[in-house]
Amino acid sequence: MRKLSLWLQAHPVVGDGAIAAFMLLLQVAESGTQGEQNRLMFWLLLPVHLLVTVPIATRRIWPIRSAYATLLASAVLVAVQEDAVVGALVQCVMIYTLVAYTTRRVGALYTLLVGVLFLVELFIGLEPTDNLVQLLIAQVVFFVMLVGFCWALGAFIGARRAYLAEVERRLRNLEFERDQQARIAVAEERNRIAREIHDVLAHSISVMVTQADGAGYALSKKPELAGQALQTISATGREALNELRGLLGVLRNPDEHEPDRIPQPTAANLHDLVDRVRALGVTTSLELAGDFTGLPAGIGLSVYRIVQESLTNVVKHGGTGAKADVRAVNDGRRIDIEVVDAGTGSLPSGLASGGNGLIGMRERAVVYGGTLEAGPRPGGGWRVHAVLPLEPS
């Protein structure tokens, strides 16, 4: 039923066309109950009768045009003193349509014209009777009540449509803002990663340059050739260092404040990280399998940051009695990281975050060709699982 309703909303001509066909059948049935002369008049005025009902099919696409087309056709029927009961029902539908799908000013003008047409039809068909005044009052009251009902229904539906449209607009804006925030978070995290890679590689290349310069002065055998070779190493190292700074400088925000250079943590510092988390009152266990002291500086830093961000989330959202289990395995080909916690509440955070949540952790894994999965556990709590390859794929 809901799918049918959504389909009819997407194709309004179909549903309104069914209403128009029903009104036309009512007109045909009404003519069959009248005399031979009236039936003949109906078929002579068939184009006018069609103009009364057919525009209903397009009432939500062209509401104003459809409404005035039916009003014009109804006026013709009133002028030739043709009974227009179906036309009156159509006008009620059009009043509702204009109030719901246009403005109230348009609906008020149309309602006024329909009222004038009603009064003209009422006085044209007026016949002297004993209770003429009571009859006129009864018909006017019935007309006002019917039009008022159609107006109130149209106003309610129009207000609901406007509310739903505003909700949809806000949802679209929120989705756009969410996407923008995600892009900003990715850009900021990449900026941070670029800065850290610069620290790591720049330090390594600087050491290479310094050692090469020292060796050039220290070697005693074939000093000319050794000196030239070491000078070439030194020049190449300086050139690589300049290129690295230039390339990574493109990734940085030129307006960003340059932080002080400090040694970056590695996977060998995970014990210190876990100790700081324990000091905050969160029971934390650490299990390391394999060598984590000789990792490449960039991968070691990513391992540290992923575990740090995972434990930070435990501190923020784990709640009283939260417990975190950290397990990292280095089998020589890849590093497998798993951080599992169980908690239901919220604790005050005393641990600085190392990134932008899941986005930052995922970016760090992707940089080195790895993967990261994060989500709730079936039994409660949260699980983060990351894989960082050590060998190029």
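Residues numbered from 1 in each chain as written. Predicted model: local features only at pLDDT ≥ 70, side-chain atom pairs only at ≥ 80, totals over all residues. Heavy atoms only, no water.

**A closer look at the packing of aromatic side chains**
The test is simple: Aromatic contacts are taken between Phe, Tyr and Trp rings whose centres are within 6.5 Å, Trp giving its six-membered ring; a plane angle under 30 degrees counts as stacked, one over 60 as edge-to-face, and the others as tilted. Secondary structure follows DSSP: runs of H or I at least 4 residues long count as helices, runs of E at least 2 residues long count as strands, and numbering of each begins at the N terminus. Relative accessibility decides the category of a residue: with a 1.4 Å probe and only protein chains considered, values under 20% of the type maximum give buried, values over 50% give exposed, and everything between is partly exposed.
Per the stated rule, a full pass over the model turns up two aromatic pairs. With centroids separated by 5.3 Å and ring planes inclined at 85 degrees, the aromatic side chains of Y68 and Y110 adopt a geometry described as edge-to-face. With a gap of 42 residues between them, Y68 in helix 5 (residues 63–79) and Y110 in helix 7 (residues 104–124) connect regions that are remote in the sequence. Taking relative accessible area as the criterion, Y110 reaches 0% and is therefore assigned buried. Between the aromatic rings of F118 and F143, the centroid separation amounts to 4.3 Å while the plane-to-plane angle is 5 degrees, which identifies the pairing as stacked. Of this pair, F118 sits in helix 7 while F143 is found in helix 8 (residues 132–218), placing the two residues 25 residues apart along the sequence.

**Concerning the side chain of Q91**
The condition is simple: In this analysis, two residues are considered to be in contact whenever any of their non-hydrogen atoms come within 4.5 Å of each other.
With respect to the element layout, Q91 can be found in helix 6 (residues 85–101). Overall, the relative accessible area of 4% leaves Q91 in the buried class. Sequence-distant contacts of Q91, that is, excluding residues within four places in its chain, are made with T70, L71, S74, Y110 and V114.

**Some details on helix 5**
The condition that has to hold: Residue count minus one, scaled by 1.5 Å, sets the expected span of a helix. Picture the helix axis, draw a direction to every C-beta atom, and the arc is the one those directions span.
Taking 1.5 Å per residue, 17 residues should reach 24 Å; helix 5 reaches 24 Å between its end C-alpha atoms and fits that length. Among the residues making up helix 5, those that are buried are P63, S66, A67, T70, L71, A73, S74, L77 and V78. Angular distribution of buried residues about the axis of helix 5 spans 165 degrees; they occupy a single face of the element. Residues of helix 5 that are exposed and angled more than 90 degrees away from the buried face: R65, L72 and A79.

**Here we look at the nonpolar core**
Under the convention used in this document: The criterion is simple. A nonpolar core is a set of buried Ala, Val, Leu, Ile, Met, Phe, Trp, Tyr and Cys residues joined through side-chain atoms within 4.5 Å.
In this structure, M23, I56, V90, M94, I95, Y110 and V114 are the most contacted members of the largest nonpolar core, which totals 30 residues. Every element with two or more residues in this core is listed here: helix 2 (12–32), helix 4 (46–53), helix 5, helix 6, helix 7 and helix 8. Contacts of M94, omitting those with residues within four sequence positions, involve P55, I56, R59, S66, A67, T70 and Y110. Counting residues in each nonpolar core, the second largest holds 29 residues, with I306, V314, I335 and I337 among its members.

**Quick look at a nonpolar patch on the surface**
Selection criterion: Patches were defined on residues exceeding 30% relative accessible area and lacking a salt bridge, with like-charge contacts within 9 Å and nonpolar side-chain contacts (Val, Leu, Ile, Met, Phe, Trp, Tyr) within 5 Å. Here the open area of atoms and residues is found with the Shrake-Rupley method and a 1.4 Å probe, where only the protein chains shown may cover a residue. By definition here, a salt bridge exists when the distance from a side-chain nitrogen of Lys or Arg to a carboxyl oxygen of Asp or Glu is within 4 Å.
Residues L109, L112, L113, V116, V120 and I124 make up a contiguous nonpolar surface patch of about 500 Å² in total accessible area. Within the fold, V116 resides in helix 7.

**Overview of the packing of helix 6 against helix 7**
Going by this rule: Convention adopted: a line fitted to C-alpha atoms gives each axis, helices being fitted over their contacting stretch, and angles between N-to-C directions are expressed from 0 to 180 degrees. Roughly parallel refers to an angle under 35 degrees, roughly antiparallel to one over 145, roughly perpendicular to one between 65 and 115, and oblique to any angle outside these ranges. For a crossing to be left-handed, the near helix must be turned anticlockwise from the far one by less than a right angle; the clockwise case is right-handed. As a working rule, the residues Ala, Val, Leu, Ile, Met, Phe, Trp, Tyr, Cys and Pro are called nonpolar, Asp, Glu, Lys and Arg charged, and the rest polar, with Gly in that last group.
It is the contact of helix 6 with helix 7, at a shortest axis distance of 8 Å, that shows an interaxial angle of 165 degrees. By the angle class used here, helix 6 and helix 7 are roughly antiparallel. The two elements helix 6 and helix 7 meet at a crossing, and its hand is left-handed. The segment helix 6 lies against helix 7, with Q91, M94, I95, L98 and V99 engaging V106, G107, Y110, T111 and V114. Considered class by class, the residues forming the contact of helix 6 with helix 7 number seven nonpolar, three polar and no charged.

**Re the sheet that holds strand 1 (residues 283–289)**
Adjacent strands of a sheet form backbone hydrogen bonds with each other and so pair up, either parallel or antiparallel. Threshold: When DSSP finds at least two bridges between two strands, those strands are taken to pair.
The strand order across the open sheet formed by five strands is 1-2-3-5-4, and the pairing between neighbours is mixed. Each edge of the open sheet is held by one strand with a lone partner, namely strand 1 and strand 4 (371–376). Neighbour-to-neighbour, the strand axes of this sheet turn through a mean angle of 5 degrees, independent of strand direction. In the packing of helix 11 (residues 297–317) onto the sheet, contacts are made with strand 1, strand 2 (323–330), strand 3 (334–342), strand 4 and strand 5 (382–389), and the angle to strand 3 comes to roughly 10 degrees. Strand contacts of helix 12 (residues 357–367): strand 4 and strand 5, with the helix running at about 155 degrees to strand 4, the strand carrying the most contacts.

**So, the side chain of S66**
Cut-off, in case you're wondering: Pairs of N or O atoms within 3.5 Å make up the polar contacts considered here, provided that, within protein, one atom can donate a hydrogen while the other can accept it, and that residues adjacent in sequence are counted only when both atoms are side-chain atoms.
Position of S66 relative to the elements: it lies in helix 5. Judged by relative accessible area, S66 falls into the buried class, the value being 3%. At 2.8 Å, the side chain of S66 forms a polar contact with the backbone oxygen of W62. Setting aside residues no more than four positions away along its own chain, S66 makes contact with P55, T58, R59 and M94.

**Brief notes about the confidence of the model for the chain**
Stated precisely, the cut-off is as follows: Every residue gets a pLDDT, meaning the predictor's confidence in that residue, from 0 to 100.
With 71% of its residues at a pLDDT of 70 or more, the chain has an overall mean of 78. The low-confidence segment residues 345–355 (pLDDT under 50) makes 35 contacts with residues lying over four places distant or belonging to another chain.

**Here we look at the pattern of salt bridges**
Inspection of the entire model under this criterion finds nine salt bridges. The partner of E338 in a salt bridge is R383, and the shortest N-O contact between them spans 2.8 Å. Placement of the pair is E338 in strand 3 and R383 in strand 5, with a sequence separation of 45 residues. For E338, a relative accessible area of 22% gives the class partly exposed. Judged by its relative accessible area of 30%, R383 falls in the partly exposed class. Salt bridges sharing partners connect three or more residues here, namely D16, R59 and R60.

**Some remarks on the pairing of strand 3**
Direction of pairing for strand 2 relative to strand 3: antiparallel, over a ladder of eight bridges. Within the sheet, the bridge partner assigned to R327 lies in strand 3 and is E338. The antiparallel pairing of strand 2 with strand 3 creates a hairpin that spans three residues between the two strands, and G332 there sits at a positive phi of about 95 degrees. Note that strand 3 and strand 5 share eight bridges and pair antiparallel. Bridge assignment links V339 to a residue of strand 5, and that residue is V384.

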